[in-house]
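# Survey of secondary and tertiary structure
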Amino acid sequence: MAFELPKLPYDYNALEPYIDEQTMKIHHTKHHQAYIDKLNAAVKGTELENRKILEIIGNLNSVPESIRGVVRNHGGGHYNHSLFWEMMAPKAGGEPKGKIGDEIKKTFGSFAEFKEKFKAAGVGQFGSGWAWLVLSNGKLEIVSTPNQDNPFTQGKKPLLGVDVWEHSYYLKWQNRRADYIDAWWNVVNWKKVEMNYEMAKK
């Protein structure tokens with residue numbers, strides 16, 4: 001069964017003024033759709049066609065070498081973006097509560113320090129990629145990945161990620177990646193991050 005574009009859990013303009021409507025439309029309907037189209041074309045007629053995306057990118061070494069690069073890039077793009085849309089929400093942001101909030105303070109010293117370190121990972125990612133908060137060996141960690149790679153392939157469980165490809169911010173923020181990340185904190189869906197944390201610990 002072919003992979004399909006997931007429906008956004010909010011309207012394209014719902015994250016204004018932090019992420020603009022035009023960027024959301026293009027990012028979702030053009031960029032994410034393109035990853036899906038190219039992934040579907042690559043796996044068509046193979047046994048990968050009926051596997052779940054996490055199963056595929058979690059076992060890249062089992063993907064035929066002739067399509068491995070395409071599957072890594074476009075399968076990763078599909079998976080990363082599927083996570084990304086749910087990690088954001090309108091009228092969200094603020095400081096995380098609950099267990100994830102406690103764990104962030106315990107690990108990084110304070111929420112403010114966590115934000116600075118996370119932002120540094122995003123700004124410091126050379127070229128295109130992502131910055132992530134992950135659970136690794138039972139502990140929180142901040143990592144960055146190039147292109148559409150995901151920490152899952154390194155045995156780490158992604159809890160929160162920010163897309164720092166230029167297509168995710170350039171229409172509104174131009175080359176100001178740091179300003180985009182500052183604004184993005186206002187739409188972080190901490191309820192979803194908490195759910196991700198609880199699932200990752202199981």
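Reference entry: report on the structure contained in this document. (Residues numbered from 1 in each chain as written. Predicted model: local features only at pLDDT ≥ 70, side-chain atom pairs only at ≥ 80, totals over all residues. Heavy atoms only, no water.)

Moving on to the side chain of Asn 189. Secondary-structure assignment places Asn 189 in the loop between helix 7 (177–184) and helix 8 (190–201). Residues in contact with Asn 189, not counting those within four places in the same chain, are Glu 86, Met 87, Met 88, Ala 89 and Ala 92. (Helix = DSSP H or I, 4+ residues; strand = E, 2+ residues; numbered from the N terminus. Contact = heavy atoms within 4.5 Å.)

Okay, the pairing of strand 1 (residues 129–136) next. With eight of eight residues buried, strand 1 lies mostly within the body of the structure. The alternating pattern of strand 1 places Gly 129, Ala 131, Leu 133 and Leu 135 and Trp 130, Trp 132, Val 134 and Ser 136 on opposite faces, both of which are buried. Here strand 1 pairs with strand 2 (residues 139–146) via eight bridges, running antiparallel. Following the sheet pairing, Leu 135 is matched in strand 2 by Leu 140. Linkage of strand 1 to strand 2, two consecutive antiparallel strands, is achieved through a turn of two residues, within which Asn 137 is found at a positive phi near 55 degrees. Here strand 1 runs beside strand 3 (residues 157–163); their pairing, made up of six bridges, is antiparallel. Residue pairing for strand 3: Leu 135 is matched across the bridge by Lys 157. (Buried < 20%, exposed > 50% of the residue type's maximum accessible area, 1.4 Å probe, protein only. Pairing = 2+ DSSP bridges.)

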